Amino acid sequence: MRFVMLSIVALAMSGCASNVVTDYNSAVVFGNYSSWAFASTSEADSTFVSLDGSRVRDAIERELNRKALQRVSQAEADLLVSWRIVPEDRLEQTGLGLGFGFGSGNFGWALSAPPPVREVKEGKLVVELADSKTKEVVWRAASRRYLNESQSPETRRKLIDEVVTEMFTKYPPGLD
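Residues numbered from 1 in each chain as written. Predicted model: local features only at pLDDT ≥ 70, side-chain atom pairs only at ≥ 80, totals over all residues. Heavy atoms only, no water.

1. Remarks on the overall build of the protein chain
At step 1: The helix and strand tally for the protein chain stands at four helices and eight strands.
At step 2: Going residue by residue from the N terminus, the α and β elements of the protein chain occur as α-β-β-α-α-β-β-β-β-β-β-α.
At step 3: Each of the 176 residues in the protein chain was classed as buried or not, and the buried ones make up 34%.
At step 4: Residue pairs in contact within the protein chain that sit at least 24 positions apart in sequence constitute 73% of those at least 6 positions apart.
At step 5: As displayed, the protein chain offers around 11700 Å² of accessible surface, 56% of which is attributable to carbon and sulfur atoms. (Helix = DSSP H or I, 4+ residues; strand = E, 2+ residues; numbered from the N terminus. Buried < 20%, exposed > 50% of the residue type's maximum accessible area, 1.4 Å probe, protein only. Contact = heavy atoms within 4.5 Å. Areas by Shrake-Rupley, 256 points an atom, 1.4 Å probe, with all protein chains shown as cover.)

Rendered as structure tokens:
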């Protein structure tokens, strides 16, 4: 019975775990910010914006509009918004391991082979807001959910929307 109760508590707690991690400068008064602009980044300076880049920009703009922040030119902005998709490699087990053994009583021999492993390339979304005057990051959010190359365009768009929405539920900080 105790094991069942611990399992239920563990499942309930894992369901409450956030998919986003945020950090912020506690000395900043976030109520002083009323406007924003995308910061010049390597992606923004390139000739083309990637498909995921366009999805991220649209989601960020939507969420900042919901926060009643006005988009203005970079020279007039209180906040500069920067984002990037950080590539990460992860090992994933596929299939089952094989093994065999023999023995009797308290003694025996066994051999086993681990399951096959493959490397998966994924991307973690990071969004930062910087004060335009000091050029210091005042708020940062990073996703614990990943984009990967096998996802469909619709799945990628939906994931980006969900992650960015969750990120900005934690902005401005201290309203939890």
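The structure having been displayed, the exposition proceeds.
2. Side note on the sheet that holds strand E8 (residues 137-148)
At step 1: Taken in spatial order, the six strands make up an open sheet running E1-E8-E7-E4-E2-E3, and their pairing is mixed. Of all the strands in the sheet, the pair left with one neighbour each is strand E1 (20-24) and strand E3 (70-71).
At step 2: Where strand E4 (residues 79-93) and strand E7 (residues 117-131) come together, 15 bridges link them in antiparallel fashion. Bridging from a neighbouring strand, Trp-83 pairs with Val-127 of E7.
At step 3: On the sheet, helix H3 (residues 51-66) packs against strand E2 (35-38), E3, E4, E7 and E8 and is oriented at approximately 130 degrees with respect to E4. (Pairing = 2+ DSSP bridges. Axes fitted to C-alpha atoms, helices over the stretch in contact; angles between N-to-C directions.)

3. Looking at the side chain of Glu-128
At step 1: Topologically, Glu-128 is positioned in strand E7.
At step 2: With residues up to four places along the chain from it excluded, the contact list for Glu-128 reads Leu-80, Val-81, Ser-82, Arg-84, Val-137, Trp-139 and Arg-140.

4. Remarks on the packing of H3 against helix H4 (residues 153-168)
At step 1: Between H3 and H4, the shortest axis-to-axis distance is 9 Å and the interhelical angle comes to 35 degrees. Regarding H3 and H4, the two cross each other, and that crossing is right-handed. Contacts between H3 and H4 involve Asp-52, Arg-55, Val-56, Ala-59, Ile-60, Arg-62, Glu-63, Leu-64 and Arg-66 from the former and Pro-153, Arg-156, Arg-157, Ile-160, Asp-161, Val-164, Thr-165 and Phe-168 from the latter. (Left-handed = near helix turned anticlockwise from the far one by under 90°.)

5. Describing unusual backbone geometry
At step 1: In this structure, the amide linkage connecting Tyr-171 to the following residue, Pro-172, adopts the cis form with an omega of -10 degrees.
At step 2: Secondary-structure assignment places Pro-172 in the segment after H4.
At step 3: If you check the backbone angles, Ala-68 has positive phi at about 65 degrees while not being a glycine.
At step 4: Relative to the helices and strands, Ala-68 resides in the loop between H3 and E3.
At step 5: Even without a glycine there, the phi angle at Lys-135 is positive, about 60 degrees.

6. As for empty space enclosed by the protein
At step 1: Inspection of the entire model under this criterion finds one cavity of 30 Å³ or more.
At step 2: Of the pockets and cavities examined, the largest cavity occupies roughly 50 Å³.
At step 3: What lines the largest cavity is Gly-123, Leu-125, Ser-143, Arg-145, Tyr-146, Leu-147, Leu-159, Ile-160 and Val-163.
At step 4: Of all the elements, E8 adds the most residues to the lining of the largest cavity, at four residues.
At step 5: Tallied by class, the residues present in the lining of the largest cavity amount to six nonpolar, two polar and one charged. (1 Å grid on protein atoms, 1.4 Å probe; cavity = no way out; pocket = protein on both sides within 12 Å on 5 of 7 lines; lining within 4 Å. Points joined across faces, edges and corners; volume = space filled by probe spheres on them. Nonpolar A, V, L, I, M, F, W, Y, C, P; charged D, E, K, R; others polar.)

7. Notes on the nonpolar core
At step 1: Grouped together as the largest cluster of nonpolar side chains are 28 residues, with contacts concentrated most on Ile-60, Val-127, Trp-139, Met-167, Phe-168 and Tyr-171.
At step 2: When contributions to this core are tallied by element, the ones reaching two or more residues are E2, H3, E4, E7, E8 and H4.
At step 3: Of the residues forming this core, the biggest block, six residues, is contributed by H4.
At step 4: The contacts of Val-127, once residues within four sequence positions are left out, are Ile-60, Val-81, Ser-82, Trp-83, Trp-139, Arg-140, Ala-141, Met-167 and Phe-168. (Core = buried A, V, L, I, M, F, W, Y, C linked by side-chain atoms within 4.5 Å.)

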